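Per-entry structural report
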Amino acid sequence: MKVMRGMLGIGVVLMFLASCNFGKPETKVEPDIFTDTVLYEMKTIRERAKDCSTGPDSTCTMAEISYPVFKGQDALNDTLKNRLLNLGANGDEKPDSSFQTMISTFFKSYEEYKKDDERKNIAFDLQEYAQVVNQDSCLIAIRYGTYSFSGGAHGSGFDAFINWNPKTKKVVYLNDILLPNSEKELNIIGERIFRKDEKLADNASLEQDYFFKDNKFALNENYLFTPTGIRFLYNEYEIKPYVAGQTELNIPWAQLRTLIKPHSVVAQYIEKNAGI
């Protein structure tokens, strides 16, 4: 599944209008949920193979990497760069040290493949991308991923997320927002929504059509905190066959109110969705 290439634009710098300590009774300031708060600029590296003609990209082996660079967020920039570089590593293979090295390795593999493949018009494709999904005074939400085709039966893709606190300059994980010992209840809520989405009865077996370990539903560690809930994403082959593509599971904040720490960075979303 290809994600739209590139995303041109620059985030707008605004002052932090609200504190991240939502949930305190004395706090009366309205949280700025949909406001850009950190300046960023999109960067794109794009190269075509040496044997490309003047034809369209679809008939040409090419590589493209598109990602945001944030002002004053060096730790986030390094984290995002490392995540993107690791997408290109296979198994225990050491990731490339730079985007340019990654692209060079990709074109080298293409040249090697051409020596043994009889298909003269085959075109490899490498895309890595990252885009800001949402930004406010407490969180920068980023979706990043890759799509590649390197001569097999079909291409393959992978998407993941970064939830970033621009004030502490650290990744925000589920454990940072959940009350202690609430993971089991979160999984129960997730399974209820999953079965509804998949049109499965409460007692229907997951053995035949899904790849869950021991045939038991489980939330994964690939999630995004959004203004409306937590979005979990299962990539191709993770819980379903390739032809089924990706599977998204959205858990609304309204169903998570009793599981979230009152002063966490997502407490603002809980307040906004309290009436839903």
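Quick note: structure is the one above.
These numbers were taken from a predicted model, which means no experiment stands behind them. (Residues numbered from 1 in each chain as written. Predicted model: local features only at pLDDT ≥ 70, side-chain atom pairs only at ≥ 80, totals over all residues. Heavy atoms only, no water.)

Considerations on the packing of aromatic side chains
In this structure the tally under the stated criterion is 18 aromatic pairs. Summarising the aromatic geometry, the rings of Phe194 and Phe217 are spaced 5.2 Å apart at their centres and angled 35° between planes, so their arrangement reads as tilted. In this pair, Phe194 is assigned in helix α4 (residues 183–197) and Phe217 in the loop between α4 and β7 (223–225), connecting sequence segments 23 residues apart. By relative accessible area, which is 2% here, Phe194 ends up buried. Residue class for Phe217 comes out buried when judged on its relative accessible area of 7%. Considering the side-chain rings of Phe212 and Tyr234, the 6.1 Å spacing of their centres and the 90° angle between planes classify their relative orientation as edge-to-face. Separated by 22 residues along the polypeptide, Phe212 in the loop between α4 and β7 and Tyr234 in strand β8 (residues 229–234) bring together distant segments of the chain. The exposure classification of Phe212 matches that of Tyr234, with both residues buried. An aromatic cluster is present here, built from Phe106, Phe107, Tyr110, Tyr113, Phe124 and Phe149 joined pairwise through their rings. (Phe/Tyr/Trp six-rings, centres within 6.5 Å; stacked < 30°, edge-to-face > 60°. Helix = DSSP H or I, 4+ residues; strand = E, 2+ residues; numbered from the N terminus. Buried < 20%, exposed > 50% of the residue type's maximum accessible area, 1.4 Å probe, protein only.)

Some words on the sheet that holds strand β4 (residues 140–149)
Spatially, six strands are ordered β1-β2-β3-β4-β5-β6 in an open sheet, and the strand pairing comes out mixed. Where the open sheet ends on each side, the last strands, each with one partner, are β1 (40–48) and β6 (170–171). Where helix α1 (residues 74–87) meets the sheet, its contacts fall on β2 (62–70), β3 (125–135), β4, β5 (156–165) and β6, and the angle it forms with β4 comes to roughly 25°. Running over the sheet, helix α2 (residues 99–116) touches β1, β2, β3 and β4 and is turned about 165° from β2. (Pairing = 2+ DSSP bridges. Contact = heavy atoms within 4.5 Å. Axes fitted to C-alpha atoms, helices over the stretch in contact; angles between N-to-C directions.)

Quick notes on the environment of Leu85
Considering the arrangement of structural elements, one finds Leu85 in helix α1. For the pair formed by Leu85 and Phe99, sequence separation is 14 residues and the distance between their alpha carbons is 6.9 Å. Apart from residues lying up to four places away in sequence, Leu85 is in contact with Pro95, Asp96, Ser97, Ser98, Phe99, Met102 and Glu128.

Description of the pattern of salt bridges
Counted by the stated rule, this structure contains eight salt bridges. Of the charged contacts in the structure, one is a salt bridge between Glu248 and Arg143, with a shortest N-O distance of 3.3 Å. Highlighted residues: Glu248 in strand β9 (residues 247–252) and Arg143 in strand β4, separated in sequence by 105 residues. Assessed through its relative accessible area of 15%, Arg143 is described here as buried. What emerges from the salt-bridge pattern is a single network uniting Asp51, Glu111 and Lys114. (Salt bridge = Lys/Arg side-chain N within 4 Å of Asp/Glu carboxyl O.)

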